[in-house]
Amino acid sequence: MNRIYHHFFLIFFFYSTAPLAVQAFTGTYGINYGRIADNIPSPDEVVALLRASKIRNVRIYDADHSVLKAFSGSGLELVVGLPNGNVKELSANASQAMTWVKENVQAFLPKTRIRGVAIGNEVLGGGDYELWEALLGACRNVYNALNKLQLADVVQVSTAHSQAVFSNSFPPSSCVFKDNVAQFMKPLLQFFAQIGSPFCLNAYPFLAYMSDPENIDINYALFQKTQGIYDPKTDLHYDNMLDAQIDAAYAALEDAGLNKMEVIVTETGWASNGDENEAAATFDNARTYNYNLRKRLAKRKGTPFRPKSVLKVYIFAIFNEDMKPGPTSERNFGLFKADGTISYDIGFNGLKSSSAVSSRVSLKCRRG
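Student: Quick question: what am I supposed to make of the layout of surface pockets here?
Tutor: A water-sized probe, rolled over the atoms, reveals where empty space remains. Volume-wise, the largest pocket comes out at about 610 Å³. What lines the largest pocket is a set of 28 residues, among which Tyr-61, Asn-121, Glu-267, Phe-316 and Lys-324 lie closest to the centre. Classifying every residue of the lining of the largest pocket gives 13 nonpolar, seven polar and eight charged.

Student: I'm lost on the packing of helix 6 (residues 129-148) against helix 7 (residues 179-195) in this one. Help?
Tutor: Two packed helices can be described by the angle between their axes and the distance between those axes. At a closest axis distance of 9 Å, the pairing of helix 6 and helix 7 adopts a crossing angle of 10°. Taken as axis vectors, helix 6 and helix 7 run roughly parallel relative to one another. Within the contact between the two elements, helix 6 uses Trp-132, Glu-133, Leu-135, Leu-136, Cys-139, Arg-140 and Tyr-143 and helix 7 uses Asn-180, Val-181, Phe-184, Pro-187, Leu-188, Phe-191, Phe-192 and Ile-195. Across the contact of helix 6 with helix 7, the residue classes break down as 12 nonpolar, one polar and two charged.

Student: It is not clear to me how the packing of aromatic side chains should be interpreted in this structure. Could you clarify?
Tutor: Think of a pair of aromatic rings as described by two things: how far the centres are apart, and how the planes are tilted against each other in angle. The final tally for this structure, using the stated rule, is 18 aromatic pairs. On the numbers, 5.2 Å between centres and 65° between planes, the contact of Phe-206 with Trp-270 is edge-to-face. Within this pair, whereas Phe-206 is found in helix 8 (residues 205-211), its partner Trp-270 is found in the loop between strand 11 (263-268) and helix 11 (283-298), the two being separated by 64 residues in sequence. Classification of Trp-270 by relative accessible area gives buried; the value is 0%. Here the aromatic rings of Phe-206 and Phe-333 are separated by 5.7 Å at their centres, their planes lie at 85°, and the arrangement is edge-to-face.

Student: Sorry if this is basic, but what is going on with empty space enclosed by the protein here?
Tutor: Scanning all chains against the criterion turns up one cavity of 30 Å³ or more. The computed volume of the largest cavity comes to approximately 40 Å³. Lining the largest cavity are Ile-246, Tyr-250, Val-263, Gly-302, Thr-303, Arg-306, Ser-309, Val-310 and Leu-311. Its residues placed into classes, the lining of the largest cavity shows five nonpolar, three polar and one charged.

Student: How do you make sense of the side chain of Thr-288 when you look at a structure like this?
Tutor: Positionally, Thr-288 belongs in helix 11. Leaving out residues up to four positions away in the same chain, Thr-288 has contacts with Leu-222 and Gln-224.

How each quantity is defined
- Residues numbered from 1 in each chain as written.
- Predicted model: local features only at pLDDT ≥ 70, side-chain atom pairs only at ≥ 80, totals over all residues.
- Heavy atoms only, no water.
- 1 Å grid on protein atoms, 1.4 Å probe; cavity = no way out; pocket = protein on both sides within 12 Å on 5 of 7 lines; lining within 4 Å.
- Points joined across faces, edges and corners; volume = space filled by probe spheres on them.
- Nonpolar A, V, L, I, M, F, W, Y, C, P; charged D, E, K, R; others polar.
- Axes fitted to C-alpha atoms, helices over the stretch in contact; angles between N-to-C directions.
- Helix = DSSP H or I, 4+ residues; strand = E, 2+ residues; numbered from the N terminus.
- Parallel < 35°, antiparallel > 145°, perpendicular 65-115°, else oblique.
- Contact = heavy atoms within 4.5 Å.
- Phe/Tyr/Trp six-rings, centres within 6.5 Å; stacked < 30°, edge-to-face > 60°.
- Buried < 20%, exposed > 50% of the residue type's maximum accessible area, 1.4 Å probe, protein only.

Honestly, it's all geometry; don't read function into it.
Written as structure tokens, this is what we have:
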């Protein structure tokens, strides 16, 4: 190989392989640590609970320093959140973004394994149109701050979307982004493709079933035996709704010209209690959904449309959160009760049922 050819080969190789995606998720199973409650265990106890349950991937909705300190030395992989209320400010001001990253990310690395920053939550498709316009700028400014601090290869920038960004999600192959969303979504996704970030989806078969219980088989929503659905365009069969929701997102990404982007589920779950008009929110259904989801993830397989892309999911949530507004179901998504005991048995131990393990782990965390 002559020197000129070798030079151009190296340039081509660099641009065709860059950027390297940050590995922000280990394995297939993670959990959301929401804290809109006044009766849940301390962050130190939560670390003990998660380690005893062997749950390694964790998302929080802010960058609370007491939580970041508690996770120090724990080995748990953490995605912190920039709340929606801060998105406009950091979008408009790159120096503010740098300050935020220094104070809430860099200051805690490497002992606290911060692997990602989620910019807002369910912004596109929501009711604040100024936030829609600010989202990409905030993502850019936070990424540029991480890059200047040489942290962009350690900490991934992303944002989670609800089903409200989609149109025509049944059958999955017909899904596209809503017209009013697409003008904001496409440049955002192009930026994420450049920096190697995934498409983050909050997917709730629970909500889909509740919106149309007469036409949706609850067994299909709960990973139980069912006829499932057939997608004639792709000739694919779906035996559960979550896979169909994920493949609908892949179809929308393909339609937007991004057929190589990975979809990660950043929230899914099932409420164990609800109001009178939330008949599906029962203890048995919540246990069935979360137990079967855990089994499905343990198989380390993809979806019918992306069989080789192993599915990664964050469950919502660790605890029932007693101060969340809205219907009763909103306060009853937890795998664990506020006192740290299990809400129902899907194979995890609660704090009290494994107190010896928890105290040992907690002591170890504090020493780390």
